[in-house]
Amino acid sequence: MRFPSLFRAVGCLFFLMASVRGQETRMVPFAIPSVGSFPDAVNVRWLNHRPAGKYGFVGVNDGHFVLGNGERVRFLGGGLIRGACFPSHDQATALAARLGDLGFNLVRVHHIDTTYAPNGFWDPAFKDKQHLDAGQLERFDFLVDALRQQGVYVNINLHVSRTFGVADGFPDAKQLPGMGKGITIFVPRAIELEKAYARDLLTHRNPYTGTRYVDEPAIAVVEINNEDSLVGLITGGGFPRLPEPYEAVLTAYWNRWLAARCADSAAVSRRWSGVDEPAGEELLTNGDFAAGGKGWIGENPDSMPVERVEAAPGGGPALHIRCLRPGKLAWTMQLHQIGLHLEDGKPYTFHCRLKSAKPAKVQVVARLDHPDPGTGRYEVVGLNRNIDVTTEWQEFSFTFLARKPIGFTFPNQTGEFWLADVSLKVGGRVGGIAPGESLEARTIRRPLSLAESSPAQWRDWIECVCDLESAYFAEMRRFLKEDLGVKCPVIGTQISYGEAYGVVRESTMDYGDMHAYWEHPRFLGQAWDMKNWAIDNTPMVDAPERSTLRRLAQCRLAGKPYMVSEYNHPAPNSYASECWPMVAAVGACQDWDGIVVHNYLNYGPDAWEAGHPVNLFDTATNPQKTPFVLAAAILFRAGALPPSPGRTILTIPQSAVPDLLARGEGKIGDLWQQAGGSDLPLLGSRLAVTTAPTGDACRIEQEPGSTHLLVPPIVWRGKANGNPVLVVSMPSVKVATGAIANQAVRFTGARLTIGASRTGYATVTLVALDGKNTGESQRLLLTVGGIMENEGWTWNEGKTMLTSWGKGPTLTEVIAGELEIARAYSGDLQAFALDGAGNRLQEMALEPLAPGRWRLAFGQADTMWYEIVPR
C-alpha cells in the first residue's frame, strides 16, 4: 500500500465556520449488536485480504510493517479481554465477521494469562498457573482461525497480569507487586515460568489451521511483557524492599554490577560520597500529640476527624484518625504540618509509629506547601514512601536528603489509624555504604530513592537496573526468536515505561508500541474501585497542546514501525465521539503503522448480549465509537489522508539516560520541551525519537520537507484559538469534530450545516465506503453523533462519575442538520436512515439543487447513520 505525500493534496480543503440556528436534539434508542455481519451499507470488508497471512509473515522494511510479498500494511483493530478470547464457535464466527466488516485487521488478545477458566487460560483443576485448560485452548484456537478467515491478524501478549502464587514456587507471594510487575524482569523462577508459558502456547499446533503459532503467518506481532518496566517502577517510587528470597536476587545483581566497577568497599565509598551529620533539633510541633491535634492540619476535617487517645505503646498519647468518607481526590485524606524550612541537600531523619484497624498503605511525603512556580505542582522535595501499616504498632524511620511540609496521606477510603511519636530532626546518615554492609561480602543493599541516597549512588543504581532490564528483554527476545522460532515482529513492552530508557530498550526490538487514553478514570481510593473514580469530562479537541495524540507522536521510534496498541476515550466521556476520527486522522498524518482500541469487548461472551456499554472501555455497542470506525478505516488503512511531509526527530544521548532518570528528568515529553520542541504543530511534520551513543544534551533536527505549518487537508484548532475543531477534507472522507453545533463547515465537494447539540460539540463523518471520491462513490455513509447514555444511567453531582451504568437500550443523541454534496454521477440518488445494525429504517428525502448537487436534511429519523446510494 502506498501513501502519497500530503503536499499532493494541498488545496483540497476550504474551511468556513458560520453560525446557524438548529433545532433541539433528542435521545433515542440505538442498539448496535456486538457481533454478526453488517450489511453493505455499513461495512468495508473489502479492505481485508483473506485469509490473514495469505502473503506470508508480517515483517519490517524501511520502518514500517510489510506483508510477505513486500506490500506495506497498516493495522486497525480492537482488543479482546479475558473471557472474550474464549467464545463458542458460533460466537467466534460472528465476532470475526463483525470485525472484518468494520475494517479491523488486527485483534489484540489481552489478559488471557490472568486467571482460570472460563475467563483465562489456566486450568482450575490445578492450584498453580502453569497448565493451559484444554477447553479454553480449543476455543482460542477456533477464534484465531475464525479471525484468520476474515483477514484479521492477531497480536499475542505473553505476560500481562499473571500473578504468581505459592503453588508456582513463590513464598510470601501476597507481598509481591500485583500482576507480577517488576518481578518478571529479574526473578529467575518468574522468567522460567514465562518461557514455559510462551513455549506451551506458541509451539502448540492449532488443529483448525494445522500450524503451530510460531509458524502461523496470521500472528502479526508478539508482546513480551505488557506495561512493565523495573526501571519505571523504581524511578517512580513504586518498588519497595521485597521479602526474601526476592530481594536477595537484586542484592546479588547490584553487588556484581558494583564489583565490575570498584575494587573494594573503599572505592565504592569514594564513588558515592554519602552524608553523615549528627542529630539536631526537633522541627515538628506537637509530634508527641500531648496537645492533641494542635499544629496538625487535615485536608478535610469533616471527613477525617482526629482526637487524642492514650493508645501509644506504653500507654502514651496517640492521635486517633478516622477516615469516614472518601473524597473526590485521591489525596483527600491528608494530615500534615506546613511552614517547615528544609535546607536543600541537608539530611533529615523522620520517625513515627503507626497502626490501623485493617491493613492499609499510607504515604509519608515531604513536599512543597505551595505550588512550584515552574510547574504549578506541589512537588515532592525529599521523602516519599508508601508504607504498609498493619493492626499492630510498627515503628518507621527514614533518613533523607531534602530537595524542601511533612505529612501523611491515608488511603482515600473508610478506615481508622493511630499515629504516635512523630519526629523530624536535622541530621542523619544518607548515602554511602550502610554499617554492616560491604562489597567484599556482597551485602550492599540497593537504595530505595534519591532522597535516601547520595546522587552518585542513586545514579549507579539506575544504570544497574537499566542493564538488568536490557539483559532480560534481550534474552526473552532471543528465546522467542531462536529457541521457539517466532517469525513475526516482537517488542519488549511499551516505550514510555522506563521513560527515556524505554527508548533505548525498545530500539533493540522490532517495532515500537505505546498506550494512551484521553481522560482515563482516576481511581480515588483503591485501584479499580468502580464506586470511587472520576473523570474531568472534557473534549480532547479543545487542547491539542496537551492531547494524548501529541504524547503518542513524541514517543514514536525513528526507523521502526509504530503501533498504538491501546487507545480510547473511555465512557462515560460526553465528547467521546471524537475518539476514532481524531486518532485515525493524526495517526495517518504521523504515518503510524497500527491503532488498536482498548477494547472492543471485555468479559465473557455471555456479556456480549447486553446490547449496551457496561464498562469504561468496551466499544462494540457504544454509539460514540463503533459507528465512526468505518471512517477511521478509510482514513487510516486505505490511506485517504496521506502522511505529513518530512520528519522532526528528537535525539537522546544514550550515555545521558541514567543521569536524566536519576534526576527525575527522563520523561520523553519533557525532553522534547527542553530541546525546544514544545510548540511544534502536531500536524506539520512526523515526529519521532531516537538515541545516539553519546552527546551533551538532547537535540531536535528537522528533515527537509518539514514545514511545521497546518497544511490544508487537515486542520486542528484548539480552544485557545477560537471554536475548537478538527476538520479533514479528502476526496473519499470528510470529518468535522468539535464545537460545531449551530455551525456550517464547507469541505471540497460538500457543505455541512449542523444544528444544536446538548454539549455544543458533535462529530460528523461523510465517507465513501468503496474508497472512491465522494462525488463518484456508489456507497456513501453519513454519521452524525453527540452524546450517548444507557437508559437509567446516572451521574454524581459533579458529573465526574457514573453512580449507575443503567441498562439497555443505549440512547444516542439525534442531531439535525443538512448535507449538500456535489456529484459527478448523473443518475438519481436515494438516502436511507439506518438502525444500529445497519438495516434500513426509512427512506429520506434527497432534494436536487442543481445538476450534480443534492441536499439531505437529517435529524428526523431516530438514527445517527444515513446511507446515500444511486437509485
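Residues numbered from 1 in each chain as written. Predicted model: local features only at pLDDT ≥ 70, side-chain atom pairs only at ≥ 80, totals over all residues. Heavy atoms only, no water.

Peer 1: Help me understand the overall build of the chain in this model?
Peer 2: Counting secondary structure elements, the chain contains 14 helices and 48 strands. With respect to the three principal axes, the spread of C-alpha positions in the chain is 90 × 60 × 60 Å. Looking at the chain as a whole, 60% of its 871 residues qualify as buried. Counting 84 positive and 92 negative side-chain charges, the chain places the centres of these two groups 3 Å from one another. (Helix = DSSP H or I, 4+ residues; strand = E, 2+ residues; numbered from the N terminus. Buried < 20%, exposed > 50% of the residue type's maximum accessible area, 1.4 Å probe, protein only. Lys, Arg positive; Asp, Glu negative; His and termini not counted. Charge placed at Lys NZ, Arg CZ, Asp CG, Glu CD.)

Peer 1: Any chance you could explain the pattern of salt bridges here in plain terms?
Peer 2: When charged atoms on two side chains of opposite charge get close, those side chains can pair. Across all of its chains, the model carries 45 salt bridges by this definition. Notably, a salt bridge pairs Glu 482 with Arg 478, separated by 3.6 Å at the nearest N-O pair. Taken together, the residues span about one helical turn, with Glu 482 and Arg 478 both in helix α8 (residues 455–484) at a distance of 4 residues. Salt bridges sharing common partners tie together Arg 72, Arg 74, Arg 556, Asp 591 and Asp 593. (Salt bridge = Lys/Arg side-chain N within 4 Å of Asp/Glu carboxyl O.)

Peer 1: Where do I start with the sheet that holds strand β23 (residues 490–491) in this structure?
Peer 2: Taken in spatial order, the 8 strands make up an open sheet running β23-β10-β7-β6-β5-β28-β27-β24, and their pairing is parallel. Looking at strand neighbours, the two that pair on one side only are β23 and β24 (512–517), the edges of this open sheet. Sheet topology places strand β6 (residues 106–110) next to strand β7 (residues 153–159); 4 bridges connect them, and they run parallel. Paired with Val 109 across the strands is Ile 156, a residue of β7. Lying on the sheet, α8 is in contact with β7, β10 (219–225) and β23; it crosses β10 at an angle near 145 degrees. The sheet strands contacting helix α12 (residues 626–637) are β5 (75–81) and β28 (594–601), and the helix crosses β5 at an angle near 140 degrees. (Pairing = 2+ DSSP bridges. Contact = heavy atoms within 4.5 Å. Axes fitted to C-alpha atoms, helices over the stretch in contact; angles between N-to-C directions.)

Peer 1: Please clarify how the pairing of β6 should be interpreted in this entry.
Peer 2: Look at any regular strand and the pattern is simple: side chains alternate between the two faces of the sheet. β6 sits mainly inside the fold: 5 of its 5 residues count as buried. Burial along β6 is two-sided: the face carrying Leu 106, Arg 108 and His 110 and the face carrying Val 107 and Val 109 are both buried. Judged from the 5 bridges that link them, β5 and β6 form a sheet pairing that is parallel. Looking across to β6, one finds that Gly 78 is bridged to Val 107. Handedness of the crossover joining β5 and β6 through helix α1 (residues 89–102): right-handed. (Right-handed = clockwise from strand over helix to strand, strands pointing away.)

Peer 1: Before we go on, may I ask you to explain the nonpolar core in this structure?
Peer 2: The tendency in soluble globular proteins is for nonpolar side chains to be buried as a group. In this structure, Leu 202, Leu 480, Leu 549 and Trp 592 are the most contacted members of the largest nonpolar core, which totals 170 residues. A total of 13 residues in this core trace back to one element, the largest contributor, which is α8. Aside from chain neighbours lying at most four places away, what touches Leu 549 is Met 540, Tyr 567, Met 582, Val 583, Val 586, Trp 592, Leu 682 and Trp 716. Counting residues in hydrophobic clusters, the runner-up holds 34 residues, among them Leu 342, Ala 360, Ile 387 and Phe 396. (Core = buried A, V, L, I, M, F, W, Y, C linked by side-chain atoms within 4.5 Å.)

Peer 1: Whenever I open this one, the packing of aromatic side chains confuses me. Can you help?
Peer 2: For any pair of aromatic rings, the description consists of the separation of the ring centres together with the inter-plane angle of the planes. Tallied over the full model, the rule gives 30 aromatic pairs. Consider the rings of Trp 254 and Trp 272, whose centres lie 5.7 Å apart with planes at 10 degrees: the pair is stacked. With Trp 254 in helix α6 (residues 246–259) and Trp 272 in helix α7 (residues 265–272), this residue pair connects regions lying 18 residues apart in the sequence. One exposure class covers both Trp 254 and Trp 272, and it is buried. When the ring of Tyr 472 is compared with that of Phe 473, the centres are 4.7 Å apart and the planes differ by 70 degrees; the resulting orientation is edge-to-face. Residue classification places Tyr 472 among the buried residues on the basis of a relative accessible area of 4%. The class for Phe 473 is buried, based on a relative accessible area of 1%. (Phe/Tyr/Trp six-rings, centres within 6.5 Å; stacked < 30°, edge-to-face > 60°.)

Peer 1: When you look at α7 in this model, what are you seeing that I'm missing?
Peer 2: Within an α-helix, residues lying three or four positions from one another point in the same direction, as the helix has 3.6 residues per turn. Along α7, the residues classified as buried are Ser 265, Ala 267, Val 268 and Trp 272. For α7, the arc enclosing every buried residue in end-on projection is 160 degrees, short of the 170-degree limit, so these residues lie on one face. Looking at the buried side of α7, the elements it contacts are α6 and α8. Two or three places before Ala 266, at the opening of α7, Asp 264 has a side-chain oxygen 3.3 Å from that residue's backbone nitrogen. Taken from the residues just after α7, Ser 273 is the one with a positive phi, measuring 45 degrees. (Arc of directions from axis to C-beta. Polar contact = N/O pair within 3.5 Å; in protein donor to acceptor, adjacent residues only side chain to side chain.)

Peer 1: Whenever I open this one, the pairing of strand β33 (residues 725–730) confuses me. Can you help?
Peer 2: The buried count for β33 comes to 6 of 6 residues, which makes it a mostly enclosed element. Judged by which residues are buried, β33 turns out to be covered on both faces: Val 725, Val 727 and Ser 729 on one side and Leu 726, Val 728 and Met 730 on the other are all buried. In the sheet, strand β32 (residues 714–717) pairs with β33 via 4 bridges, with the strands oriented antiparallel. Considered in β33, the bridge of Trp 716 is made with Leu 726. With 6 bridges connecting them, β33 and strand β34 (residues 733–738) associate as antiparallel partners. Each bridged residue has a counterpart across the sheet, and for Val 727 the counterpart in β34 is Ala 736. Count of turn residues in the β33/β34 antiparallel hairpin: 2 residues.

Peer 1: What exactly am I supposed to notice about the sheet that holds strand β19 (residues 394–401) here?
Peer 2: Neighbouring strands of a sheet are bound in pairs by backbone hydrogen bonds; such pairs are parallel or else antiparallel. Ordered in space as β13-β14-β21-β16-β19, the 5 strands form an open sheet in which the pairing is antiparallel. Each edge of the open sheet is held by one strand with a lone partner, namely β13 (306–309) and β19. On average, each strand axis in the sheet is inclined to that of its neighbour by 30 degrees, with strand direction left out of account. Examined bridge by bridge, strand β16 (residues 347–356) and strand β21 (residues 415–426) share 8 bridges and lie antiparallel to one another.

Peer 1: Would you take a moment to explain the confidence of the model for the chain for this structure?
Peer 2: For any part of a model where pLDDT is low, the fine detail of the predicted coordinates should not be relied upon. When pLDDT is averaged along the chain, the result is 91, and 93% of the positions lie at 70 or above. For residues 2–17, every residue scores under 50 in pLDDT, and the model assigns this stretch 54 contacts once sequence neighbours within four places are set aside. (pLDDT = per-residue confidence, 0-100.)

Peer 1: What am I meant to see in the packing of helix α4 (residues 188–202) against α8 here?
Peer 2: For any two helices packed against each other, one specifies the inter-axial angle together with the distance between the axes. It is the contact of α4 with α8, at a shortest axis distance of 11 Å, that shows an interaxial angle of 30 degrees. For the element pair α4 / α8, the angle class is roughly parallel. The two elements α4 and α8 meet at a crossing, and its hand is right-handed. Where α4 abuts α8, its residues Ile 191, Glu 194, Lys 195, Ala 198, Arg 199 and Leu 202 lie against Tyr 472, Glu 475, Met 476, Phe 479, Leu 480 and Leu 484. (Parallel < 35°, antiparallel > 145°, perpendicular 65-115°, else oblique. Left-handed = near helix turned anticlockwise from the far one by under 90°.)

Peer 1: What am I meant to see in the side chain of His 320 here?
Peer 2: Residue placement: His 320 occurs in strand β14 (residues 318–323). Reaching out from His 320, the side chain makes a polar contact with the side chain of Glu 416 at a distance of 2.7 Å. The contact partners of His 320, leaving out residues within four places of it in the chain, are Pro 305, Val 306, Glu 307, Val 309, Glu 416, Phe 417 and Trp 418.

Peer 1: Looking at this structure, I do not really get helix α2 (residues 134–149). What am I missing?
Peer 2: In a regular helix each residue adds 1.5 Å, so 16 residues correspond to 22 Å; α2 covers 23 Å between its end C-alpha atoms and thus fits that length. All buried positions along α2 are accounted for by Gln 136, Leu 137, Phe 140, Asp 141, Phe 142, Leu 143, Val 144, Asp 145, Ala 146, Leu 147 and Arg 148. Close packing links the buried residues of α2 with β5, α1, β6, β7, α4 and β8 (205–206). Capping the start of α2, Asp 133 holds a side-chain oxygen 3.0 Å from the backbone nitrogen of Gly 135, two or three residues further along. Gly 151 occupies a position one or two residues after α2 and carries a positive phi of about 80 degrees. (Expected span 1.5 Å × (residues − 1).)

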